[in-house]
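Coordinate analysis (summary)
Each chain, written out:
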Amino acid sequence: MNSSMINLEQIIEQAVDIPTLPNVVIRIMELTQDANSTAKDIEEEILKDQALTAKVLKLANSAFYSYPRRISSISQATVLLGFQTIKSITLTASVGNILSKELKGYALGEQTLLKQSQLCAMVSSMIAKRIKYKKVENAYIAGLLRDIGKLVLNHYMNEQYVNVINKVDKENITFLDAEEAILGFNHAEVGSIIAEKWNLPAELVEAIACHHTPELAKVNKEITAIVHVADAIVMMTGIGMGMDGLAYNFSPDAISLLGLTEKDVEDILSDSTELLVDQD
């Protein structure tokens, strides 16, 4: 495994596709963590980018946040929805360009990974609220970024597409196992390295690394389980199945840890399908 880790490091260092966290997100994260920051401070930062401002307002007014009247300014959104929600919305709006690319290596068309990621973020948030998990926005962010490693591995997967699919079919193994067998590592592992480079909290790095294998989580089993279940539910909605959407199963450990019943999962899946309509 050592040789593949060296190759992985080389890929991360050399990858031209490795995304960088936009400066505005870094600044908003700093402001939302500063007790002395005001809604005006956040508004001034976001208003520097017209396109970002429009995207943030669109998201703030989406059905997901269900605010009863129209939110017309960034400061209003910050006051009404809260600092942590604005941080999540800004991150969603900012990574839109990164996540909207076509990923041929994963059989995902333009905008598909973005739609999957936004829905996974929303479903993670819904699950967190349902089980009364305190850090709802962290669950949202982990869900949004859980497949970011695919951006870096896309080129390599494109070259190995047939091999991976054949391995899944012939050996009846998971996509993740086939990806690791052929490449020596998987998109979750690569995603966690990107998250580390972005200086995200350890529990988010782990949630991205273990979203297919929640039983391996040690830092925060709960948030990893939330993202795992959300990811599987997103695949069940049928949105851009891609080549890795063929065999998704819930980890019994994750379902048990979160205390979710079969009805809970059915309700969340139903609500998720409704959210899909609002994304278009």
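The rules behind the values
- Residues numbered from 1 in each chain as written.
- Predicted model: local features only at pLDDT ≥ 70, side-chain atom pairs only at ≥ 80, totals over all residues.
- Heavy atoms only, no water.
- Helix = DSSP H or I, 4+ residues; strand = E, 2+ residues; numbered from the N terminus.
- Contact = heavy atoms within 4.5 Å.
- Buried < 20%, exposed > 50% of the residue type's maximum accessible area, 1.4 Å probe, protein only.
- Arc of directions from axis to C-beta.
- Salt bridge = Lys/Arg side-chain N within 4 Å of Asp/Glu carboxyl O.

Looking at an unreviewed UniProt entry, one finds the chain named Putative nucleotidyltransferase with HDIG domain, with Serpentinicella alkaliphila as its source organism.

**Notes on the environment of Glu 45**
Relative to the elements of secondary structure, Glu 45 occurs in helix 3 (residues 39-46). With 29 residues separating them in the primary sequence, Glu 45 and Ile 74 have C-alpha atoms 9.9 Å apart. Filtering out sequence-adjacent residues up to four positions away, Glu 45 remains in contact with Val 24, Arg 27, Ile 28 and Leu 31.

**What to know about helix 11 (residues 175-183)**
Taken together, the buried positions of helix 11 are occupied by Phe 175, Leu 176, Ala 178, Glu 179 and Leu 183. Here the buried residues of helix 11 occupy an arc of 165° about the axis, which is enough to place them on one side. The inward-facing, buried residues of helix 11 contact helix 10 (149-171) and helix 12 (187-197).

**Examining the pattern of salt bridges**
If you walk through the whole model with that rule in mind, you get 11 salt bridges. With a closest N to O distance of 3.3 Å, Glu 30 and Arg 27 form a salt bridge. Linking Glu 30 with Arg 27, this pair stays in helix 2 (residues 23-33), spanning three residues, or about one helical turn. The exposure class assigned to Arg 27 is partly exposed, which follows from its relative accessible area of 35%. Connected via shared salt-bridge partners are Arg 27, Glu 30, Glu 45 and Lys 48.

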